[in-house]
Amino acid sequence: MGLFGKLLGRKGFDELKAEADRLMEAGEHGAAKLAYEKASDAKDATAEQRDAVLAQAATCCDAIAAARLSEAQRLLAEDELDLAMSELDHALHTAVSETLQERVRVAIDNAQRSELHEQLEVPSEQLDREARYETLGGHWEFQQHAEYASYGDALKDALLMLHDGQIETGHQALEALLETARENACYLWFEVARARLSAGEDAHAAEAFKAFLARLGPDEGSEARLAALMSLAALRHEADDVEGALAYYQDALEAMPEDPRTYLAMGSVLRLQGLAEEAVDILTSGLAVLDEGQAHFRLWHESGLAHADAGHDDQAIHYLEQVVEFFATRQQFDLPPEGTSRLAELHERRGNLARAADLYRMLSAGSDVAHLLIYHRHAARLLAALGQSAEARKMLVRARELVPEEAVELAAEIDSELAQVPQ
């Protein structure tokens, strides 16, 4: 690094990477990820060095996601399904490697489809092959069990391979089985569809889901039917066919009108399409099917966002505060970012600066790495307005540390804000 770089306090690649390595070895994967990304932006870094530290940043992301998956397993063992699903959502968005992403997807699917909320993944060394297979089938209906039994070990092996993350091998095994059992197959089409989805074959997955639904009897396959309809709806939504997605969600509602998952998914689609009032109506119906006293923070979260979009501030604050309370009473303070930041905005608009500042401070200590800088600055601004200068300065100092080295103008802005806060 040149003389001017040293005088200005700019660190070179080697120094930045050494700090990132130290954080990585200490198990501070979130801080290490940021540090590796900062090293990749160093002006003296070669292209090869940049690729190497970005690969390390991806490893940090996988470590964070794996930790969240492990926490989800613990929560499921304690029958905390909602908290476990939150951990799994975070893990899926954080994971970089396809193998880990698929492990999380399998965990999510198992959790959603299991009424008993059994543990997501049982280590292979603890259970033999038959016991592992029975764990997978804990939620299957009689007809599903009977059909799978007719396929013998070939079906068992394929499903266990998929569960263990061997996507390509398990997928091909199911396709081969389908070739010989195509005419009489029903639930096999469902498993093939899920395998195709995992393999990224969306169009072929949709065909298989439709084939499965066409073969089901009118009163059969409740959980599998719901999963198929929800998957088809999601595929249509990803293809920007909102009308087609909503039609599948409507079918799912008619198939299982007491299940809140469909109301949640349908409400989210409507809200994202700008149809806030319609989203509120659907989500209100979803809340109505909950048992008295039943907690469902994801429905509360989406309802709060829908009410906020519709301009119903009182209702939005009510539901979003319920989400915060749900997490806080369980000593979980990594709050859902979208709803919590929206709640802070609502409180600030109403003049409740102290509550807004508290919410931004909680977000600044969470895992939403992409927006940590924003949360720190908002918290500092509100704390300064409340006359809490020492706390405001602390948040701005932390914000300054998060600024990328090349973002000179942003750094100057924060320096200016810091200078305006009394010491």
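In case you missed it, the structure is sitting above this.
Read on for an overview of the structure. (Residues numbered from 1 in each chain as written. Predicted model: local features only at pLDDT ≥ 70, side-chain atom pairs only at ≥ 80, totals over all residues. Heavy atoms only, no water.)

1. Some points on the overall build of the protein
Part 1: Per the secondary structure count, the protein includes 23 helices and 0 strands.
Part 2: By principal-axis analysis of the C-alpha atoms, the protein measures approximately 75 × 50 × 40 Å.
Part 3: Buried positions account for 47% of the 423 residues belonging to the protein.
Part 4: Pairs at least 24 apart in sequence give 54% of the contacts found in the protein among residues at least 6 apart.
Part 5: A total accessible area of about 20,700 Å² is found for the protein, and carbon and sulfur atoms account for 50% of it. (Helix = DSSP H or I, 4+ residues; strand = E, 2+ residues; numbered from the N terminus. Buried < 20%, exposed > 50% of the residue type's maximum accessible area, 1.4 Å probe, protein only. Contact = heavy atoms within 4.5 Å. Areas by Shrake-Rupley, 256 points an atom, 1.4 Å probe, with all protein chains shown as cover.)

2. Thoughts on the side chain of Glu 223
Part 1: For Glu 223, the position within the fold is in helix H13 (residues 222-238).
Part 2: In this structure the side chain of Glu 223 is engaged in a polar contact, spanning 3.0 Å, whose partner is the side chain of Arg 261. (Polar contact = N/O pair within 3.5 Å; in protein donor to acceptor, adjacent residues only side chain to side chain.)

3. Looking at the environment of Leu 159
Part 1: Here Leu 159 lies in helix H9 (residues 153-163).
Part 2: Separated by 53 residues in sequence, Leu 159 and Val 106 have C-alpha atoms that sit 11 Å apart.

4. Looking at the nonpolar core
Part 1: Core analysis: the largest hydrophobic core is formed by 114 residues, its most contacted members being Tyr 148, Leu 155, Leu 159, Leu 174, Leu 188, Phe 212 and Tyr 249.
Part 2: In terms of residue count, H13 provides more of this core than any other element does, 9 residues in total.
Part 3: If you look at the next biggest cluster of nonpolar residues, it comprises 14 residues, including Phe 13, Leu 16, Ala 35 and Val 53. (Core = buried A, V, L, I, M, F, W, Y, C linked by side-chain atoms within 4.5 Å.)

5. Details of helix H11 (residues 187-198)
Part 1: The first and last C-alpha atoms of H11 sit 17 Å apart over 12 residues, in line with the 16 Å expected at 1.5 Å per residue.
Part 2: In terms of burial, H11 is a largely internal element, 9 of the 12 residues being buried.
Part 3: When H11 is considered as a whole, its buried residues turn out to be Tyr 187, Leu 188, Trp 189, Phe 190, Glu 191, Val 192, Ala 193, Ala 195 and Arg 196.
Part 4: After H11 finishes, the residue Gly 200 shows a positive phi value of roughly 85°. (Expected span 1.5 Å × (residues − 1).)

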